[in-house]
Amino acid sequence: MSTLVLTLLTVVLCAGILIGGLLAVMLNNMVSAVISAGLASLFASVVYVALAAPDVAMTEASIGSGLTTMIFLYAIRKTQNTEVKVTQPESEDSE
Amino acid sequence: MTDGILTNISMTEITVIISAVLIFFSIVFGIVRLVIGPDTVDRVVAIDLLTIVTIGLIALLAHQAERYIYLDVALVYGLLSFLGVLAVARYLEKGI
């Protein structure tokens, strides 16, 4: 019975991966998008543990959730932190 | 009491089930905060909450599978959630 409950919880984690991926695509603020990508990586790591692969889960935890977030934040600091609107065709003529 | 449904379930299993239900509600409310959070700080706190809940879930999975090498993953997460939240906080205070 407890195995069934934990299996259902793993299904909830897969839905969380989907929500994290959708938020990472749809959010306009870049830092929020990076955090949402970290959510997808976090839940993917737990699913790896549930699938009996703890070494893959440890690698996903250290790289996907730790290193990628810092590198993305460093890159956002070097560039703009908001999404740029697509320029209209008449604005290209002004250049 | 003798022919109830709970007589053939052990105490450990009841504990695991109750913990799994509580972790389920924590994950759902954390995801709700992450989705509707209007500010970046709300999402940082939500991802910190979800990381801590996830450490408990990994410990629960390690108990259920009776493989205590899984606890190393929880250990790595305990170190990395601190570093991740610290990096985002340094970014928001324009220090990185």
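Please refer to the structure higher up on the page.
The following paragraphs examine the structure supplied in this document. Just so we're clear, the structure is a prediction, and the values are computed from it rather than from any experiment. Counting restarts for each chain, with residues numbered from 1 along the sequence as it is written. A letter from A marks each chain and a number from 1 marks each ligand, given out in the order of writing. A pLDDT threshold of at least 70 governs which residues receive local features in this predicted model, and a stricter bar of 80 or more applies before side-chain atom pairs are shown or counted, although totals over entire chains, interfaces and linings include all residues.

Helix numbering and strand numbering both begin at the N terminus, where a helix is a DSSP run of H or I of at least 4 residues and a strand a DSSP run of E of at least 2. When helices and strands are counted, chain A shows 4 helices and 0 strands. In terms of C-alpha radius of gyration, chain A reaches 18 Å, well past the compact-globule figure of 12 Å for 95 residues. For chain A, the spread of C-alpha atoms along the principal axes amounts to about 65 × 25 × 15 Å. We call two residues in contact when their backbone-placed C-beta atoms lie within 7 Å. Sequence separation of 24 or more characterises 45% of the internal contacts of chain A that already satisfy a separation of 6 or more. Note that the radius of gyration is over C-alpha atoms, with the globule rule given as 2.2 Å times the number of residues to the power 0.38.

A separate point is helix α1 (residues 11-36) of chain B. Multiplying 1.5 Å by the helix residue count minus one yields the expected span of that helix. Compared with the 38 Å implied by 1.5 Å per residue over 26 residues, the 38 Å span of α1(B) between its first and last C-alpha is a close match. Close packing links the buried residues of α1(B) with α1 (2-26) and α2 (30-50) of chain A together with α2 (40-65) of chain B.

Contacts between chain A and chain B engage 34 residues on the former and 36 residues on the latter. Of all the elements in the fold, those that place two or more residues in the side of chain A that touches chain B are α1, α2 and α3 (54-78) of chain A. When residues of the side of chain A that touches chain B are assigned to their parent elements, the largest contribution, 12 residues, is made by α3(A). Broken down by class, the residue content of the side of chain A that touches chain B amounts to 22 nonpolar, 11 polar and 1 charged. Throughout this entry, Asp, Glu, Lys and Arg are counted as charged residues, while Ala, Val, Leu, Ile, Met, Phe, Trp, Tyr, Cys and Pro are counted as nonpolar. The remaining residues, Gly among them, count as polar.

Turning to the packing of α2(A) against α3(A), a few remarks are in order. Residue and element names in this part refer to chain A. For the pair α2 and α3, the least separation of the axes is 8 Å and the interaxial angle reads 175 degrees. Comparing the axis directions of α2 and α3 gives the class roughly antiparallel. Here Met30, Val31, Val34, Gly38, Ser41, Leu42, Ala44, Ser45, Tyr48 and Val49 of α2 come into contact with α3, specifically with Pro54, Val56, Ala57, Glu60, Ala61, Gly64, Ser65, Thr69, Phe72, Leu73 and Ile76. All axes here are fitted lines through C-alpha atoms, helices being fitted over the stretch that makes contact, and every angle between N-to-C directions spans 0 to 180 degrees. To sort the angles, those under 35 degrees are grouped as roughly parallel, those over 145 as roughly antiparallel, those from 65 to 115 as roughly perpendicular, and the leftovers as oblique.

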